[in-house]
Amino acid sequence: AKSRGKNAYQVFTPELARSVHAREHISRELHFALEREEFSLRYQPQFQGQQLIGVEALLRWHSHVLGDVPPGEFIGVAEDTGLIFAVGEWVLDHACRQAAAWHAAGQPLRVAVNISPRQFARQDFVTLVTAALTRHALPARLLELELTERLVVEDLQGAAAKITQLRQLGVLVSLDDFGGGQSSLSYLMMLPVNALKIDRNFVVNAEQNEAGQRVIQAITTIAHALNLHVVAEGVETAAQLSLVSSLGCEVVQGYLLGAPMSAEALTGGRTLPAPS
Ligand code: C2E
Ligand code: CA
Ligand code: CA
Ligand code: CA
(Lines give C-alpha, C1' and ligand atoms only; values in the text may rest on other atoms or scores of the structure.)
(Ligands and ions follow the chains in the order given, each with its own letter.)
Protein backbone atom coordinates (compact mmCIF):
# COMPACT_ATOMS: atom_id res chain seq x y z
CA ALA A 1 0.00 0.00 0.00
CA LYS A 2 0.96 3.61 -0.31
CA SER A 3 1.72 4.06 3.38
CA ARG A 4 3.85 0.92 3.52
CA GLY A 5 5.92 2.21 0.61
CA LYS A 6 6.45 5.46 2.42
CA ASN A 7 7.54 3.70 5.60
CA ALA A 8 9.90 1.42 3.73
CA TYR A 9 11.58 4.48 2.33
CA GLN A 10 11.76 6.18 5.72
CA VAL A 11 13.56 3.23 7.30
CA PHE A 12 16.66 4.21 5.39
CA THR A 13 16.80 7.81 6.47
CA PRO A 14 19.39 8.47 9.17
CA GLU A 15 16.84 10.53 11.10
CA LEU A 16 14.50 7.62 11.50
CA ALA A 17 17.39 5.29 12.35
CA ARG A 18 18.36 7.75 15.08
CA SER A 19 14.85 8.00 16.35
CA VAL A 20 14.42 4.21 16.41
CA HIS A 21 17.65 4.08 18.37
CA ALA A 22 16.36 6.77 20.70
CA ARG A 23 13.13 4.87 21.21
CA GLU A 24 15.12 1.79 22.23
CA HIS A 25 17.08 3.81 24.77
CA ILE A 26 13.93 5.45 26.02
CA SER A 27 12.12 2.15 26.26
CA ARG A 28 14.97 0.54 28.22
CA GLU A 29 15.34 3.38 30.70
CA LEU A 30 11.59 3.91 31.02
CA HIS A 31 11.31 0.44 32.56
CA PHE A 32 13.29 1.64 35.57
CA ALA A 33 11.97 5.18 35.80
CA LEU A 34 9.25 4.43 38.34
CA GLU A 35 11.39 2.47 40.77
CA ARG A 36 14.18 5.04 40.43
CA GLU A 37 11.67 7.78 41.19
CA GLU A 38 12.63 9.74 38.11
CA PHE A 39 9.16 11.15 37.43
CA SER A 40 7.69 14.36 38.72
CA LEU A 41 4.68 16.50 37.96
CA ARG A 42 4.49 20.15 36.99
CA TYR A 43 1.31 22.15 37.28
CA GLN A 44 0.28 24.77 34.74
CA PRO A 45 -2.31 27.35 35.86
CA GLN A 46 -5.63 27.82 34.08
CA PHE A 47 -7.38 31.16 34.42
CA GLN A 48 -10.92 32.33 34.00
CA GLY A 49 -10.53 36.08 33.83
CA GLN A 50 -8.26 37.03 36.75
CA GLN A 51 -9.14 33.93 38.68
CA LEU A 52 -7.01 30.82 38.95
CA ILE A 53 -9.54 28.02 38.51
CA GLY A 54 -7.35 24.99 38.14
CA VAL A 55 -4.11 23.48 36.96
CA GLU A 56 -3.05 20.89 34.39
CA ALA A 57 -0.65 18.25 35.67
CA LEU A 58 2.16 17.62 33.19
CA LEU A 59 4.56 14.73 33.55
CA ARG A 60 8.31 15.25 33.65
CA TRP A 61 10.96 12.57 33.39
CA HIS A 62 14.52 13.14 34.44
CA SER A 63 16.40 9.99 33.48
CA HIS A 64 19.77 9.65 35.22
CA VAL A 65 21.04 8.16 31.95
CA LEU A 66 19.28 10.21 29.27
CA GLY A 67 18.71 13.44 31.16
CA ASP A 68 15.43 15.30 30.74
CA VAL A 69 13.22 13.54 28.21
CA PRO A 70 10.14 15.51 27.09
CA PRO A 71 6.75 13.77 27.31
CA GLY A 72 6.33 14.11 23.56
CA GLU A 73 9.20 11.63 23.25
CA PHE A 74 8.39 9.09 25.93
CA ILE A 75 4.60 8.98 26.22
CA GLY A 76 4.31 7.26 22.83
CA VAL A 77 6.94 4.71 23.84
CA ALA A 78 5.12 4.11 27.11
CA GLU A 79 1.91 3.55 25.16
CA ASP A 80 3.55 1.11 22.75
CA THR A 81 5.23 -0.91 25.49
CA GLY A 82 2.28 -0.96 27.86
CA LEU A 83 4.28 0.95 30.48
CA ILE A 84 1.64 3.67 30.21
CA PHE A 85 -0.56 1.71 32.61
CA ALA A 86 1.91 1.95 35.48
CA VAL A 87 2.99 5.46 34.51
CA GLY A 88 -0.60 6.64 34.18
CA GLU A 89 -1.44 5.18 37.58
CA TRP A 90 1.52 7.04 39.05
CA VAL A 91 0.38 10.32 37.50
CA LEU A 92 -3.21 9.88 38.66
CA ASP A 93 -2.09 8.99 42.18
CA HIS A 94 0.32 11.90 42.51
CA ALA A 95 -2.06 14.43 40.99
CA CYS A 96 -4.84 13.34 43.37
CA ARG A 97 -2.46 13.46 46.32
CA GLN A 98 -1.45 17.03 45.42
CA ALA A 99 -5.04 18.13 44.86
CA ALA A 100 -5.99 16.64 48.23
CA ALA A 101 -3.09 18.46 49.90
CA TRP A 102 -4.25 21.80 48.44
CA HIS A 103 -7.78 21.03 49.50
CA ALA A 104 -6.69 20.15 53.03
CA ALA A 105 -4.71 23.42 53.16
CA GLY A 106 -7.92 25.35 52.46
CA GLN A 107 -6.90 26.22 48.91
CA PRO A 108 -8.93 23.87 46.74
CA LEU A 109 -7.63 23.76 43.20
CA ARG A 110 -8.90 21.49 40.46
CA VAL A 111 -6.22 19.32 38.90
CA ALA A 112 -6.52 18.13 35.31
CA VAL A 113 -4.78 14.87 34.43
CA ASN A 114 -3.91 13.72 30.90
CA ILE A 115 -5.21 10.26 30.16
CA SER A 116 -3.76 8.20 27.34
CA PRO A 117 -6.12 6.24 25.06
CA ARG A 118 -4.85 2.85 26.22
CA GLN A 119 -5.28 3.82 29.84
CA PHE A 120 -8.84 4.96 29.21
CA ALA A 121 -9.59 1.79 27.25
CA ARG A 122 -8.97 -0.39 30.29
CA GLN A 123 -12.05 -2.11 31.55
CA ASP A 124 -11.24 -1.10 35.12
CA PHE A 125 -10.45 2.54 34.32
CA VAL A 126 -13.39 4.00 36.25
CA THR A 127 -12.59 1.72 39.19
CA LEU A 128 -8.99 2.98 39.21
CA VAL A 129 -10.17 6.60 39.21
CA THR A 130 -12.61 5.88 42.04
CA ALA A 131 -9.84 4.18 44.02
CA ALA A 132 -7.52 7.18 43.59
CA LEU A 133 -10.22 9.59 44.81
CA THR A 134 -10.96 7.37 47.82
CA ARG A 135 -7.29 6.80 48.66
CA HIS A 136 -6.70 10.54 48.96
CA ALA A 137 -10.17 11.53 50.18
CA LEU A 138 -10.34 13.91 47.24
CA PRO A 139 -13.70 15.43 46.28
CA ALA A 140 -14.39 14.29 42.73
CA ARG A 141 -15.09 17.85 41.52
CA LEU A 142 -11.40 18.65 42.11
CA LEU A 143 -10.33 16.10 39.51
CA GLU A 144 -10.58 16.66 35.79
CA LEU A 145 -9.57 14.14 33.16
CA GLU A 146 -8.27 15.29 29.79
CA LEU A 147 -9.11 12.84 27.04
CA THR A 148 -8.14 13.05 23.39
CA GLU A 149 -10.39 12.24 20.50
CA ARG A 150 -8.11 9.38 19.50
CA LEU A 151 -9.54 7.29 22.29
CA VAL A 152 -13.12 7.45 21.10
CA VAL A 153 -12.53 6.68 17.46
CA GLU A 154 -12.86 2.94 17.88
CA ASP A 155 -15.68 2.72 20.33
CA LEU A 156 -17.70 5.89 20.53
CA GLN A 157 -20.57 4.31 22.47
CA GLY A 158 -18.26 2.65 24.96
CA ALA A 159 -16.34 5.88 25.48
CA ALA A 160 -19.56 7.81 26.00
CA ALA A 161 -20.72 5.27 28.59
CA LYS A 162 -17.43 5.51 30.49
CA ILE A 163 -17.51 9.29 30.46
CA THR A 164 -21.05 9.18 31.81
CA GLN A 165 -19.86 6.99 34.70
CA LEU A 166 -17.06 9.43 35.45
CA ARG A 167 -19.46 12.38 35.37
CA GLN A 168 -21.74 10.51 37.77
CA LEU A 169 -18.83 10.26 40.18
CA GLY A 170 -18.55 14.04 39.92
CA VAL A 171 -15.28 14.02 37.98
CA LEU A 172 -14.93 16.63 35.21
CA VAL A 173 -13.98 15.52 31.73
CA SER A 174 -12.52 17.59 28.93
CA LEU A 175 -11.68 16.85 25.35
CA ASP A 176 -8.04 17.79 24.75
CA ASP A 177 -6.42 19.05 21.55
CA PHE A 178 -9.80 19.69 20.05
CA GLY A 179 -9.59 20.44 16.36
CA GLY A 180 -6.22 18.74 16.08
CA GLY A 181 -7.16 15.29 14.88
CA GLN A 182 -10.26 13.57 13.64
CA SER A 183 -12.53 16.06 15.36
CA SER A 184 -16.05 15.66 14.35
CA LEU A 185 -19.28 17.12 15.48
CA SER A 186 -20.76 13.71 16.14
CA TYR A 187 -18.08 13.01 18.75
CA LEU A 188 -18.85 16.27 20.38
CA MET A 189 -22.56 15.59 20.44
CA MET A 190 -22.21 12.05 21.73
CA LEU A 191 -19.62 12.57 24.44
CA PRO A 192 -20.89 14.02 27.69
CA VAL A 193 -17.77 16.11 28.39
CA ASN A 194 -17.63 19.39 30.34
CA ALA A 195 -15.10 21.27 28.29
CA LEU A 196 -13.13 21.51 25.08
CA LYS A 197 -9.49 22.45 24.93
CA ILE A 198 -8.63 24.19 21.70
CA ASP A 199 -5.29 23.23 20.26
CA ARG A 200 -2.56 25.85 20.35
CA ASN A 201 -2.30 25.82 16.55
CA PHE A 202 -5.73 27.38 16.35
CA VAL A 203 -4.65 30.18 18.63
CA VAL A 204 -1.65 30.87 16.42
CA ASN A 205 -3.75 30.69 13.24
CA ALA A 206 -6.35 33.06 14.64
CA GLU A 207 -3.65 35.64 15.09
CA GLN A 208 -2.55 35.25 11.49
CA ASN A 209 -5.81 35.43 9.61
CA GLU A 210 -9.48 36.08 9.84
CA ALA A 211 -10.39 32.56 8.74
CA GLY A 212 -8.56 31.26 11.80
CA GLN A 213 -10.61 33.59 13.96
CA ARG A 214 -13.86 32.40 12.43
CA VAL A 215 -12.86 28.79 13.18
CA ILE A 216 -12.41 29.53 16.88
CA GLN A 217 -15.61 31.54 16.85
CA ALA A 218 -17.46 28.60 15.31
CA ILE A 219 -16.01 26.12 17.81
CA THR A 220 -16.92 28.28 20.79
CA THR A 221 -20.42 28.89 19.44
CA ILE A 222 -21.06 25.16 19.05
CA ALA A 223 -19.42 24.35 22.38
CA HIS A 224 -21.55 26.91 24.21
CA ALA A 225 -24.67 25.61 22.50
CA LEU A 226 -23.77 22.21 23.99
CA ASN A 227 -23.09 23.78 27.39
CA LEU A 228 -19.35 23.22 27.25
CA HIS A 229 -16.60 25.50 28.47
CA VAL A 230 -13.86 26.36 26.05
CA VAL A 231 -10.23 26.45 27.10
CA ALA A 232 -7.63 28.06 24.84
CA GLU A 233 -4.23 26.45 25.21
CA GLY A 234 -0.77 27.77 24.54
CA VAL A 235 -1.56 31.46 24.95
CA GLU A 236 1.81 33.19 24.83
CA THR A 237 1.07 36.86 24.20
CA ALA A 238 -1.29 39.55 25.44
CA ALA A 239 -2.58 39.92 21.88
CA GLN A 240 -3.50 36.22 21.77
CA LEU A 241 -5.16 36.48 25.16
CA SER A 242 -7.44 39.31 24.15
CA LEU A 243 -8.14 37.68 20.81
CA VAL A 244 -9.22 34.28 22.19
CA SER A 245 -11.19 35.97 24.95
CA SER A 246 -13.08 38.07 22.44
CA LEU A 247 -13.74 34.92 20.39
CA GLY A 248 -15.49 33.26 23.33
CA CYS A 249 -12.84 31.14 25.06
CA GLU A 250 -13.56 31.63 28.76
CA VAL A 251 -10.60 29.75 30.17
CA VAL A 252 -7.00 30.36 29.13
CA GLN A 253 -3.77 28.51 29.72
CA GLY A 254 -0.30 29.27 28.42
CA TYR A 255 3.15 30.67 29.08
CA LEU A 256 1.74 34.22 29.27
CA LEU A 257 -0.23 33.25 32.38
CA GLY A 258 2.18 30.70 33.79
CA ALA A 259 4.46 27.90 32.67
CA PRO A 260 4.14 24.41 34.14
CA MET A 261 5.72 24.69 37.61
CA SER A 262 6.26 22.73 40.78
CA ALA A 263 3.44 22.61 43.32
CA GLU A 264 5.60 24.64 45.72
CA ALA A 265 6.24 27.35 43.15
CA LEU A 266 2.53 27.53 42.40
CA THR A 267 1.29 27.77 45.98
CA GLY A 268 4.25 29.75 47.20
CA GLY A 269 3.85 32.33 44.47
CA ARG A 270 1.27 35.01 43.93
CA THR A 271 -0.88 33.01 41.55
CA LEU A 272 -3.06 31.33 44.15
CA PRO A 273 -5.99 33.47 45.25
CA ALA A 274 -6.83 33.81 48.93
CA PRO A 275 -9.13 31.02 50.10
CA SER A 276 -12.75 32.12 50.06
P1 C2E B 1 -0.93 18.68 26.08
O2 C2E B 1 -1.82 17.88 26.96
O3 C2E B 1 -1.55 19.35 24.91
O4 C2E B 1 -0.21 19.72 27.04
C5 C2E B 1 0.09 21.03 26.68
C6 C2E B 1 1.54 21.15 26.29
O7 C2E B 1 1.80 22.50 25.87
C8 C2E B 1 2.51 20.91 27.44
O9 C2E B 1 3.68 20.32 26.88
C10 C2E B 1 2.80 22.32 27.94
O11 C2E B 1 4.02 22.41 28.65
C12 C2E B 1 2.84 23.06 26.64
N13 C2E B 1 2.52 24.48 26.78
C14 C2E B 1 1.84 25.08 27.77
N15 C2E B 1 1.72 26.41 27.54
C16 C2E B 1 2.35 26.65 26.37
C17 C2E B 1 2.56 27.84 25.59
O18 C2E B 1 2.15 28.95 25.94
N19 C2E B 1 3.24 27.69 24.42
C20 C2E B 1 3.70 26.48 23.99
N21 C2E B 1 4.37 26.43 22.85
N22 C2E B 1 3.52 25.33 24.71
C23 C2E B 1 2.84 25.43 25.88
P24 C2E B 1 4.42 19.10 27.58
O25 C2E B 1 4.39 19.26 29.06
O26 C2E B 1 5.73 18.94 26.90
O27 C2E B 1 3.48 17.86 27.22
C28 C2E B 1 3.33 17.44 25.91
C29 C2E B 1 2.23 16.43 25.78
O30 C2E B 1 2.57 15.23 26.45
C31 C2E B 1 0.93 16.89 26.41
O32 C2E B 1 0.26 17.75 25.52
C33 C2E B 1 0.24 15.57 26.63
O34 C2E B 1 -0.37 15.13 25.44
C35 C2E B 1 1.39 14.65 26.95
N36 C2E B 1 1.48 14.48 28.40
C37 C2E B 1 2.06 15.26 29.33
N38 C2E B 1 1.91 14.74 30.57
C39 C2E B 1 1.19 13.61 30.41
C40 C2E B 1 0.67 12.61 31.32
O41 C2E B 1 0.82 12.68 32.55
N42 C2E B 1 -0.02 11.56 30.77
C43 C2E B 1 -0.23 11.47 29.42
N44 C2E B 1 -0.93 10.42 28.96
N45 C2E B 1 0.21 12.39 28.56
C46 C2E B 1 0.91 13.45 29.04
CA1 CA C 1 -3.65 18.17 28.07
CA1 CA D 1 -3.73 19.96 24.69
CA1 CA E 1 -1.11 18.95 22.46
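Per an unreviewed UniProt entry, the protein is named Bifunctional diguanylate cyclase/phosphodiesterase, and its organism is Deinococcus sonorensis.

Visitor: Describe the coordination of the calcium ion (ligand 2), listing the residues and the values that go with them.
Guide: Around the calcium ion (ligand 2), the donor atoms from the protein are Glu56 (OE), Asn114 (OD1), Glu146 (OE) and Asp176 (OD), and they sit 2.1 to 2.3 Å away. Counting gaps between the donor residues of the calcium ion (ligand 2) yields the pattern E-x57-N-x31-E-x29-D. In this structure, the calcium ion (ligand 2) is positioned 3.8 Å from the calcium ion (ligand 3), and both are ligated by Asp176. Taken together, the positions of Asn114 in strand S4 (residues 110-114) and Glu146 in strand S5 (residues 143-148) put the pair 32 residues apart, joining distant regions of the chain. Here Glu146 falls in the buried class, since its relative accessible area comes to 1%.

Visitor: Go over the packing of aromatic side chains with me, naming the residues and quoting the values.
Guide: A full pass over the atoms with the stated rule returns six aromatic pairs. Taken together, a centroid distance of 5.9 Å and an interplanar angle of 45 degrees make the contact between Phe39 and Trp90 tilted. Taken as a pair, Phe39 in strand S1 (residues 39-48) and Trp90 in helix H4 (residues 84-104) lie far apart in primary sequence, 51 residues in all. Accessibility assignment for this pair places Phe39 and Trp90 in one class, buried. Look at Tyr43 and Trp102: their rings are 5.2 Å apart centre to centre, the planes differ by 75 degrees, and that puts the pair in the edge-to-face class. In this pair, Tyr43 sits in strand S1 while Trp102 sits in helix H4, placing the two residues 59 residues apart along the sequence. As far as burial versus exposure is concerned, Tyr43 and Trp102 are alike and both buried. Each member of the aromatic cluster is reached from another via a ring pair, and the members are Phe39, Trp61, Phe74 and Trp90. For Arg122, the ring lying beneath its charged end belongs to Phe85, and the centroid distance is 5.1 Å.

The rules we used
- Residues numbered from 1 in each chain as written.
- Chains lettered and ligands numbered in written order.
- Predicted model: local features only at pLDDT ≥ 70, side-chain atom pairs only at ≥ 80, totals over all residues.
- Heavy atoms only, no water.
- Donors = N, O, S within 2.8 Å, 3.2 Å for Na, K, Ca; no water.
- Helix = DSSP H or I, 4+ residues; strand = E, 2+ residues; numbered from the N terminus.
- Buried < 20%, exposed > 50% of the residue type's maximum accessible area, 1.4 Å probe, protein only.
- Phe/Tyr/Trp six-rings, centres within 6.5 Å; stacked < 30°, edge-to-face > 60°.
- Lys NZ or Arg CZ within 6 Å of the ring centre and 35° of its normal.

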